[in-house]
Amino acid sequence: MATIEECRAALDRLSDNMQHAEGDVRAAAAMDRSVSCHITDLDVTFAGRLTGGRIEVRDTFSGPPRERAQIRLAMSGGDLVALVGGELHFARAWGAGRVRLEAGLRDLFRLRKLL
């Protein structure tokens, strides 16, 4: 089980990776959307914005998301760390129900390039 600090560090690494991406991935990351990531096993939510090719975490709080973000993720802390570390493939984790992603249809099409 990952700690809150490890999850926050994983989100920071993901943000750095997105900012330095090129081509289609960089274009997909260039959206301006509200984002939440609920860490289910810790019952903690990171909330912020995807803007300028980065994820800016603006708030961390206990429990599920307080507001409905435009892009919503939910997973265990260990899965978040494994996804960002390249040890877990997003499509397999999503297909197995280990990761939930909710967003509008247009955003989902753009996000598939990131994931």
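These notes cover the structure that comes with them. Owing to the predicted nature of the structure, the values given are computational and were not obtained by experimental measurement.

1. Re the overall build of the chain
Right, so step 1: Within the chain, the regular secondary structure consists of five helices and five strands.
Right, so step 2: Its helices and strands taken in sequence order, the chain reads α-α-β-β-β-β-α-α-β-α from the N to the C terminus.
Right, so step 3: In summary, the chain has a C-alpha radius of gyration of 13 Å against a globular reference of 13 Å for 115 residues, a match within 12%.
Right, so step 4: Sequence separation of 24 or more characterises 57% of the internal contacts of the chain that already satisfy a separation of 6 or more.
Right, so step 5: Accessible surface for the chain amounts to roughly 6,700 Å². Of this, 50% is attributable to carbon and sulfur atoms.
Right, so step 6: Treating the 17 positive side-chain charges of the chain as one cloud and the 16 negative ones as another, the clouds have centres 7 Å apart.

2. Thoughts on the pattern of salt bridges
Right, so step 1: Using the criterion set out here, one finds seven salt bridges in the structure.
Right, so step 2: Between Arg-54 and Asp-16 there is a salt bridge whose closest N-O contact spans 2.9 Å. Taken together, the positions of Arg-54 in strand β3 (residues 54–62) and Asp-16 in helix α1 (residues 4–19) put the pair 38 residues apart, joining distant regions of the chain.
Right, so step 3: Accessibility expressed as a relative area gives 24% for Arg-54, which makes it partly exposed.
Right, so step 4: Taking the shortest distance from any N to any O, the salt bridge between Glu-102 and Arg-72 comes out at 3.1 Å. Pair noted here: Glu-102 is in strand β5 (residues 99–103) and Arg-72 is in strand β4 (residues 71–75), with a separation of 30 residues, a long-range link.
Right, so step 5: Among the residues examined, Arg-72 registers a relative accessible area of 14% and is labelled buried.

3. A few points about the side chain of Arg-72
Right, so step 1: A distance of 2.4 Å separates the side chain of Arg-72 from the backbone oxygen of Ala-69, its partner in a polar contact.
Right, so step 2: Ignoring any residue separated from it by four or fewer positions in sequence, one finds Arg-72 in contact with Ser-36, Arg-100, Leu-101, Glu-102 and Ala-103.

4. Observations regarding the pairing of strand β1 (residues 33–39)
Right, so step 1: Of all seven residues in β1, six are buried; the element is thus mostly enclosed.
Right, so step 2: Summarising the sheet, β1 and strand β2 (residues 44–51) pair through seven bridges and their orientation is antiparallel. Looking across to β2, one finds that Ser-34 is bridged to Arg-49.
Right, so step 3: Hairpin geometry of β1 and β2 is characterised by an intervening segment of four residues between the two adjacent antiparallel strands and by a positive phi of about 50 degrees at Asp-43.

Definitions and limits used
- Sequence order as written defines residue numbering, which begins from 1 separately in each chain.
- Selection of residues for local features in this predicted model requires a pLDDT of at least 70, selection of side-chain atom pairs for listing and counting requires 80 or more, and totals for whole chains, interfaces and linings are taken over all residues.
- To obtain the side-chain values, all non-hydrogen atoms of the structure were used and water was disregarded.
- In this description a helix means any DSSP run of H or I spanning at least four residues, a strand means any run of E spanning at least two, and both kinds are numbered starting from the N terminus.
- It is over C-alpha atoms that the radius of gyration is taken, and the globule rule equals 2.2 Å times the number of residues to the power 0.38.
- By the convention used here, residues are in contact when the closest approach between their heavy atoms is within 4.5 Å.
- Values of accessible area rely on a 1.4 Å probe in the Shrake-Rupley scheme; residue burial ignores everything except the protein chains shown.
- Under the convention used here, Asp and Glu are negative, Lys and Arg are positive, and both His and the chain ends fall outside the count.
- To locate a charge, take NZ of a lysine, CZ of an arginine, CG of an aspartate or CD of a glutamate.
- Criterion for a salt bridge: a side-chain nitrogen of Lys or Arg within 4 Å of a carboxyl oxygen of Asp or Glu.
- Per-residue accessibility, obtained with a 1.4 Å probe over protein chains only, is compared with the maximum for each type, and a residue is labelled buried under 20%, exposed over 50%, and partly exposed between these values.
- Between N or O atoms, a polar contact is any pair within 3.5 Å; within protein, one atom must be a potential hydrogen donor and the other a potential acceptor, and residues adjacent in sequence are included only when both atoms are from side chains.
- A pair of strands is considered paired only if DSSP assigns at least 2 bridges between the two.

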